[in-house]
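# Notes for the structure review
Single-letter residue listing:
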Amino acid sequence: MTKEDKAKEKSAQINNALGVFILFFGIVILIATTHTNTYIGEMTNLVAGLILCAIGAGMIIKSWMTIKKLKTSNQD
Amino acid sequence: MLAGIDYFVVIAYLIGILLLGYYFKRFVDTSEDYFLGGRSLPFWAIGMSIVVSDIGALDFVGVSGQAYRYGISVGNFDWIGSVPAMLLAAFIFIPYFWKGGMYTIPEYLGRRYNKYVRTAASVTWIVFFAVDLGVLFWASAVLLNVLMGWPIWLSIFVTAAVVGLYTYFGGITAVVMTDVVQLIIMFVGGFTLVFLSFYYIGGWDALVEKIYALGPEYARHFDLIQPSTSNTPFPWTGILFGLTFVMANAYMIGNQAIVQRCLTAKNEWHAKASMIFASGLKMLIPLLVLFPGLVAIILFPDLKDGDQALPMMIKKILPPGLIGLMFSAFFAGLMSSVDSMLNSTATLFTKDIYQPFIKKNAEDKHYLLVGKLTTLALLVIGVATAPISSLYPGIYVAIQTFLSFFQGPLFAILLLGIFWKRATQWGGLSGLVIGIAFAFYLNLFSESIFTIEDPFLYVSWWSFVLAFIVTIVVTFFTEPYSAEKLDGLVYKVHKADSK
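Everything numeric in this text was worked out from a predicted model, so none of it was measured.

Rules and cut-offs
Residues numbered from 1 in each chain as written. Chains lettered and ligands numbered in written order. Predicted model: local features only at pLDDT ≥ 70, side-chain atom pairs only at ≥ 80, totals over all residues. Heavy atoms only, no water. Helix = DSSP H or I, 4+ residues; strand = E, 2+ residues; numbered from the N terminus. Rg over C-alpha atoms; globule rule 2.2 N^0.38 Å. Buried < 20%, exposed > 50% of the residue type's maximum accessible area, 1.4 Å probe, protein only. Contact = heavy atoms within 4.5 Å. Areas by Shrake-Rupley, 256 points an atom, 1.4 Å probe, with all protein chains shown as cover. Domains from an automatic or database assignment. Buried area = accessible area lost by both parts, 1.4 Å probe. Salt bridge = Lys/Arg side-chain N within 4 Å of Asp/Glu carboxyl O. Polar contact = N/O pair within 3.5 Å; in protein donor to acceptor, adjacent residues only side chain to side chain.

## What about the overall build of chain B?
Helices and strands together make up the secondary structure of chain B, namely 20 helices and zero strands. The globule rule puts the C-alpha radius of gyration for 499 residues at 23 Å, and the 22 Å found for chain B is close to it. Its C-alpha atoms give chain B principal-axis dimensions of about 70 × 55 × 40 Å. The 499 residues of chain B split such that 66% are buried. Contacts spanning at least 24 positions in sequence make up 83% of the contacts within chain B whose residues lie at least 6 apart. As displayed, chain B has an accessible area near 17100 Å², and 66% of this comes from carbon and sulfur atoms.

## As for the domain arrangement of chain B
Residues and elements named next belong to chain B. Along its sequence, chain B is organised into domain 1 (4-390) and domain 2 (405-499). Summarising the inter-unit geometry, the C-alpha centres of domain 1 and domain 2 are found 26 Å apart. Counting residues at the interface gives 42 residues for domain 1, matched by 39 residues for domain 2. For the domain 1 and domain 2 pair, buried surface summed over both sides reaches about 3400 Å², with 74% attributable to carbon and sulfur atoms. On the domain 1 side of the interface with domain 2, the three residues burying the most area are Tyr96, Arg112 and Tyr113, jointly 23% of the side's total. Connecting domain 1 to domain 2 are zero salt bridges. At the junction of domain 1 with domain 2, the criterion picks out nine residue pairs in polar contact (both at pLDDT 80 or more).

## Let's talk about the interface of chain B and chain A
Between chain B and chain A, the residue contacts involve 32 residues of the former and 23 residues of the latter. Buried area between chain B and chain A, both sides added, is near 2400 Å², and the carbon and sulfur share of it is 84%. At the junction of chain B with chain A, the criterion picks out zero salt bridges. For the interface between chain B and chain A, the tally reads three residue pairs in polar contact (both at pLDDT 80 or more). Among the elements of the structure, helix H1 (4-23), helix H7 (152-201) and helix H14 (322-358) of chain B are those that each provide at least two residues to the side of chain B that touches chain A. When residues of the side of chain B that touches chain A are assigned to their parent elements, the largest contribution, twelve residues, is made by H7 of chain B.

Take a look at the structure:
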């Protein structure tokens, strides 16, 4: 693996960890919707939770794709 | 007090951020990894880290508090007070620091002037960071006290334990990457708070009308420019001369905690881009922090301490779950400022004091250990000095006042050093020492010299002016360095000039 590939792998591993962290809190906020009494509160938690889930999942998927691509190119 | 789900979110956040920071331990093998992240970080992460470190303590708690007391003029600190300086840093200063392979700003000053300037600048920053750590621990304690009901000292110890451990293990990579998470959550929570604040108050027009109706003392709350006779800390003269010309530039160009992040970039392009990206994000910050502070005037008109405005708003307006997350992010912002200071101070001490004066030519692992141990020692100092900030009317004022003791003189010699090849080592040293001494004098006798309550902007300006003049005057009586010696240290000076 070249130095550049190692840097990319490091970056992907970091993004994966960050994505998991953000996704976890997105899910918690979505669950919190059930603890909310008002309609505006429910909608707020729903939207905020979905945004966090989207960011977290996006980071995880992107990092997986990078790692997979690096493995494939190294096997070749 | 918080609901059960909010407690869960706060505790999970604290544990999660600790684990995340610990995870980054795998990327630390050398002192360069610990202090500069192996020079491998991307611009977007660095840019987000610059912003969240800056807004952690200064904006979220302090600026909301100042907006509660004085209105929107405090927003100048993030707009005119940051963006021009960040662009100047990106295009002129950062490339020199990055190309020079430097770890610290004092290291640049040492190469440009001499080792005495380097040591004086480094010691000054170390003392500031050590005292500032106490201020930030105090800010965290105020938050935890308001929202969780925890005693002040317990809150300080919890903050110190969490931040201290992940900074100790993961170095600047942990610092930058935990900042990325903190910024995302802070922005999501912050914009939600702004949206709900306006929803409850009935919109912008209703907010203006209700605040004006409170009485004549609120007549200037919506003036971005305050008159020079204003008794707030933000008259336009102070904003223009003290903030825009001096403090903002000094902060973005000469602040170790900010510049060190740019030095972690994988190449020069990323170093520049990180600062430009950060300036774009910075323009959004006043929107997040001013409005909740203003709405708090209507909802909580009798707060004794303006710094409690934002915590009270979070508790009152946000739904369960998001309260916990917003508070966590808010708290994390403070942690982010603390971790930056811990890592930067460890870098300053190891590279500028320990390595040149105590143990030269040791193995790299030795310096890595010294950096880690310095981090632990600073935690103890920060906890011990935390109560000092309670003597000031607000966290923001406390930090700005501490900065005004040396930012002006430091920026004066940095500016002359990079733009004026004639500036000599003794000119720089004289300017720095006399400028700092003058700032001490102005701060100590501020009541008899200035008419406003907290004159840190004027102190910065006048100490900058004096340091600038002293450096120039002494320079004309002393011998300059050759162009060869200044290669790569002064704007548009190259070795070829000496031939």
